[in-house]
Amino acid sequence: MGSEDADAWELAGLPGGVPQAAYLSGPLAAQYRLIVDVLLAQQEHTLTGVAAADLPGLLRAELGAHARVLDDPGFNLDARMRRLKAWQVVDIWQDRALRDEDFLRNLDRYQLTPAAADLHRAVLRMGQDVADAAAATFAPSVLTAHLTVLRDTAAGDPGAAAEAWSVIRTTHRAMADAAAGWQARLAAAQSGAPDPGKLTQVQETLRRYVEMWGAGIDTHSDTITGLLSELRAVTGWRRVAVHHLGAAADEPAVEGLVASYARTLDTLRRWFDGPQCQARRLRRQMRDTISPLVRGQRTLAAVGGHVSRRAELLALAGQLEATGDDVRGWELWCAATGLFSARHLPGVAPEPAGNPAATSFWDAEPVPVEARLRRHGPKATTGSAARIPDRSEGRRAAKARAAELQSAAARTEAAVAARSGQRLSQWREVAGAELDLLLTMLTVLAGARSDATGTRHARTGDDRWVLRAEPAEPQAPAAVLHTPDGRLVHPDIRLHITAAGRPA
């Protein structure tokens, strides 16, 4: 290969393409995916690969009722396997022929390459972080418990320390995977315009975080930090590593494992120690997601068509049609919508009110606007109409109810005023509303002083009625008023009722 054929990026040691992933794209990806699924599943049952004679049957068993698609002329199994070999997805070798008839058979055997198997396992785990999230459910509490065991046993009991370390290592990995999955989902959900799918994804992520892990941060962070500080003084890591790897382990492996202990403890410190640790940063990210989430829901509600200004616009159209001329119609339009042409006003702008040291808008220096505000600010004003519900029916019903109550009050007042000048014994069949008004008047009169003749003058609290009560005749019996709720017994006074502002 000449120097012109060398890939400078490859020579630089940088990662490049993954040829094994080619089977996941292209028009025949479903066929390749089916074959790789079957080969990966068979790795649990056989270590010697899958025979070419057995593969069609396994594919049909995988498809079940849809196995007839394998009879499609576009499906060529031999061609598919050759292409998978070219992509380094499978290894193909010949089985040994034992009988004469074996020379007439296809003795190929197929096995996934290690890289392709790892890649396909990762593909199968995509979008299914339930296991990682479940493992991270009590991650802070699990780490606290086993870091305590590790601190107590690292110097004297390497077996117990190795067991505790295995749990710590597994929990840390599951915790990191779950957190990375949550962050990836938040990042994807908050990019671009909101839609129902993104909102559901954010809500689900927040629910998992809060239910599984959020509360454990404040509870266990300080304890974990203290344990990590104490573990820095532990000197028995080499014994733990030897117990972990076995007595036959070579020196580089032991040194590598000891170094991994230090790296993992440092990683845990970065997760839980300090106000800017990863756990608290993740918590802040979750907190900051709530406001965009609520704003996105409002935006969706606005553009979803559930609420509109149809009623207001129809009412405005009716009012415009009823104006009669263009000038009044234009004035009404400007008043209702606020849409009118800009006007240049003469004169000098006045000084700003309030603080004398403040700078006028016209004289102030321009201030920079953040790129984020420039990008997202206009989006806050997009969408359809604001959420103004149609309450015209409610207003109409309220007005009718108020008119009815006002009419009933007027009838009551008229009935009571018509009894002016009568003694209470002459009042017959007093209605409930009339009794309420009468009791109000009697209460006012009871608080007024009487003159030399025993007459009392008073005015109601709302200043609507002028009252005058003449005392009852000597030896006259008390008046008994019959009401819907019972009887009212009162001295038989003569009550004069006059509307305020009218002659008595």
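Here is a short report on the structure shown in this document. (Residues numbered from 1 in each chain as written. Predicted model: local features only at pLDDT ≥ 70, side-chain atom pairs only at ≥ 80, totals over all residues. Heavy atoms only, no water.)

For the rest of this paragraph, the subject is the overall build of the chain. Counting its secondary structure elements, the chain contains 17 helices and nine strands. The buried share among the 504 residues of the chain stands at 30%. If you sum the accessible surface of the chain, you get close to 32600 Å²; carbon and sulfur atoms cover 55% of it. (Helix = DSSP H or I, 4+ residues; strand = E, 2+ residues; numbered from the N terminus. Buried < 20%, exposed > 50% of the residue type's maximum accessible area, 1.4 Å probe, protein only. Areas by Shrake-Rupley, 256 points an atom, 1.4 Å probe, with all protein chains shown as cover.)

On to the nonpolar core. Where a protein is soluble and globular, its nonpolar side chains tend to be buried together. Core analysis: the largest hydrophobic core is formed by 39 residues, its most contacted members being Leu143, Leu147, Leu150 and Phe272. Listing elements by their share of this core, those giving two or more residues are α7 (139-153), α8 (158-189), α9 (196-231), α10 (237-245), α11 (251-272) and α12 (278-303). The leading source of residues in this core is α8, at 11 residues. For Leu147, the contacting residues outside a window of four places in its chain are Ile168, Ile224, Leu227, Leu228, Leu231 and Leu265. (Core = buried A, V, L, I, M, F, W, Y, C linked by side-chain atoms within 4.5 Å. Contact = heavy atoms within 4.5 Å.)

Before going further, it helps to spend a moment on unusual backbone geometry. Residues other than glycine seldom take positive phi values, yet Gln88 does so here, at roughly 65°. Summarising the element assignment, Gln88 is placed in the loop between α4 (77-86) and β2 (90-94). According to the relative accessible area criterion, Gln88 is partly exposed, its value standing at 44%. You will see that Gln475, though not glycine, has its phi angle at about 65°, which is positive. Relative to the helices and strands, Gln475 is located in the loop between β6 (465-470) and β7 (479-483).

One pass over the full model with this rule turns up 15 salt bridges. The partner of Asp118 in a salt bridge is Arg121, with the nearest N and O atoms 3.2 Å apart. Separated by three residues within a single helix, Asp118 and Arg121 lie in helix α5 (residues 114-125), roughly one turn from each other. The exposure class assigned to Arg121 is partly exposed, which follows from its relative accessible area of 36%. Here Arg238 and Glu251 are joined by a salt bridge, their closest N and O atoms 2.6 Å apart. Residue Arg238 is found in helix α10, and its partner Glu251 is found in helix α11; the two are separated by 13 residues along the sequence. Here Arg238 falls in the partly exposed class, since its relative accessible area comes to 38%. Three or more residues are tied together by salt bridges with common partners; here these are Arg151, Asp152 and Glu230. (Salt bridge = Lys/Arg side-chain N within 4 Å of Asp/Glu carboxyl O.)

This paragraph deals with the packing of helix α16 (residues 392-418) against helix α17 (residues 432-446). One can describe the packing of α16 onto α17 by two numbers: an axis separation of 9 Å at closest approach and a directional angle of 60°. Here α16 lies oblique to α17, going by the angle between them. Along this stretch, α16 crosses α17, giving a crossing that reads as right-handed. Judged by residue contacts, Thr412, Glu413, Ala415 and Val416 of α16 engage Ala433, Glu434, Leu437 and Met441 from α17. (Axes fitted to C-alpha atoms, helices over the stretch in contact; angles between N-to-C directions. Parallel < 35°, antiparallel > 145°, perpendicular 65-115°, else oblique. Left-handed = near helix turned anticlockwise from the far one by under 90°.)

Pairing within the open sheet is antiparallel, and its three strands lie in the order β1-β3-β2. Here the strands that pair on one side only, and so sit at the sheet edges, are β1 (50-51) and β2. Sheet topology note: the β2/strand β3 (residues 108-112) ladder contains five bridges and is antiparallel. Across the sheet, residue Asp91 finds its bridge partner in β3, namely Gln111. Where helix α2 (residues 29-42) meets the sheet, its contacts fall on β1, β2 and β3, and the angle it forms with β3 comes to roughly 85°. (Pairing = 2+ DSSP bridges.)

Taken in spatial order, the four strands make up an open sheet running β4-β9-β6-β5, and their pairing is antiparallel. Whereas interior strands pair on both sides, the edge strands pair on one side only; in this sheet they are β4 (422-423) and β5 (456-459). Across the sheet, α17 is in contact with β5, β6 and β9 (494-499); its angle to β5 comes to roughly 120°.

What follows concerns the side chain of Arg109. Mapped onto the fold, Arg109 is located in strand β3. At a separation of 2.9 Å, a polar atom in the side chain of Arg109 contacts the main-chain carbonyl oxygen of Gly49. Those residues within four positions of Arg109 in sequence are excluded, and the remaining contacts are Thr48, Gly49, Val50, Ala51, Asp91, Ile92, Trp93 and Asp95. (Polar contact = N/O pair within 3.5 Å; in protein donor to acceptor, adjacent residues only side chain to side chain.)

Turning to the packing of aromatic side chains, a few remarks are in order. For the structure on display, the rule yields four aromatic pairs. On the numbers, 5.0 Å between centres and 70° between planes, the contact of Tyr32 with Trp87 is edge-to-face. A residue pair is termed long-range when its members are at least 10 positions apart, and Tyr32 in helix α2 and Trp87 in the loop between α4 and β2 qualify at 55 residues. Residues Trp165 and Trp237 carry aromatic rings whose centres are separated by 6.2 Å and whose planes lie at 70° to one another, so their mutual orientation is edge-to-face. (Phe/Tyr/Trp six-rings, centres within 6.5 Å; stacked < 30°, edge-to-face > 60°.)

Inspection of the secondary structure puts Leu124 in helix α5. Given the relative accessible area of 37%, Leu124 is considered partly exposed. C-alpha separation for the pair Leu124 and Asp37, spaced 87 residues apart in sequence, amounts to 9.3 Å. Ignoring anything within four residues of it in the chain, the contact list for Leu124 reads Arg33, Asp37 and Leu40.

By themselves these figures say nothing about function.
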